[in-house]
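Analysis of the macromolecular model
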Amino acid sequence: MFLLAAGKGLGGLLDVNPGLLIWTLITFLIVVVILKVFAWDVILKALDERAETIQNDIRKAADVRSEAEALLKDYETKIAAARDQASGIVAEAKSDATNLKNKMLDEAAKEVKSLKDGALKDIELAKSKALAELQGQIVDMTVQVAGLVLEKQLKADDYKSFIESELGKIRKLSA
């Protein structure tokens, strides 16, 4: 709408006014000179200081990052060493457990063998005792039967020694 108004001579935005243009340029040049004389060096100094501060911060950040990476590598090394140590401890524990198991099995086998040997000895002793008792009963019965058969009164001790000697001969023949 302003453009239409400029075409009709109503003083639009695009109308050029030479007096206003000159005063605007003079004002602009005065502002630039004042800024150059009083503020330009201060602004450049502040910008240089700010750039230097940023560069220092970047260097510090790089140093901190380098330290962090070194600490991370050290930490990873320590973790790896701890894992190795833990693996060693686990392996040693497994070895100790295996050795303990084998030792316990060996001790149990020895105890079972000892009990078995003791039982076999007891059985042999009981067998020998039973055979001796059986032999004594056989001798006694033989004496009684012989006394009845022969109807002769022999002394039991004489007949008993005779039977035992005969049984000894039989044992020698069977052995």
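Reading the values: the criteria
- Starting from 1, residues in each chain are numbered consecutively following that chain's sequence as written.
- Note on the predicted model: pLDDT of at least 70 is required for a residue's local features to be given, and 80 or more for side-chain atom pairs to be given and counted; whole-chain, interface and lining totals, by contrast, use all residues.
- Hydrogen atoms and water are omitted, and side-chain values are computed over all heavy atoms in the structure.
- Note on conventions: DSSP H or I runs of at least 4 residues are helices, E runs of at least 2 residues are strands, and numbering of each starts at the N terminus.
- Think of it in three bands: residues with accessible area under 20% of the maximum for their type are buried, residues over 50% are exposed, and the middle band is partly exposed, with areas taken using a 1.4 Å probe on protein chains only.
- In short, Shrake-Rupley with a 1.4 Å probe defines the accessible areas, and a residue's cover is counted only from the protein chains shown.
- UniProt positions are given in the numbering used here, feature names are shortened, and annotations may be inferred rather than shown by experiment.
- Without a salt bridge and with relative accessible area above 30%, a residue can belong to a patch; like charges are then joined within 9 Å and nonpolar side chains (Val, Leu, Ile, Met, Phe, Trp, Tyr) within 5 Å.
- Any carboxyl oxygen of Asp or Glu that lies within 4 Å of a side-chain nitrogen of Lys or Arg is treated as forming a salt bridge with it.
- As a per-residue quantity, pLDDT reports the predictor's confidence and falls between 0 and 100.
- Should any heavy atoms of two residues lie within 4.5 Å, those residues are considered in contact.

To continue, consider the overall build of the protein. Within the protein one finds three helices and zero strands. Taken from the N to the C terminus, the helices and strands of the protein come in the order α-α-α. Out of the 175 residues belonging to the protein, those deemed buried represent 4%. Element-wise, carbon and sulfur atoms account for 65% of the exposed surface of the protein, whose accessible area totals about 15,900 Å².

Let us now look at the UniProt feature "transmembrane region" (unreviewed entry) in the protein. In this numbering, the UniProt entry assigns the feature "transmembrane region" (unreviewed entry) to residues 20-40. Here residues 20-40 runs as 100% helix and 0% strand, with 27 Å between its end C-alpha atoms.

A cluster of nonpolar side chains, Ile22, Trp23, Ile26, Ile30, Val33, Ile34, Val37 and Phe38, forms an exposed patch at the surface whose accessible area comes to about 840 Å². Of note, valine 33 is situated in helix α2 (residues 18-150).

Let us now look at the pattern of salt bridges. One pass over the full model with this rule turns up three salt bridges. A salt bridge links lysine 78 to aspartate 74, with the shortest nitrogen-to-oxygen separation between them at 3.5 Å. Of this pair, lysine 78 and aspartate 74 both sit in helix α2, four residues apart, roughly one helical turn. A relative accessible area of 36% places aspartate 74 in the partly exposed class.

Moving on, we get to the confidence of the model for the protein. Taken as a whole, the protein shows an average pLDDT of 84; of its residues, 85% reach a score of 70 or greater. When pLDDT is averaged over each element of the protein, α2 comes out on top at 89 and helix α1 (residues 2-7) at the bottom at 45. Every residue in residues 1-7 scores below 50 in pLDDT, and together they form six contacts with partners more than four places removed in sequence or on other chains.

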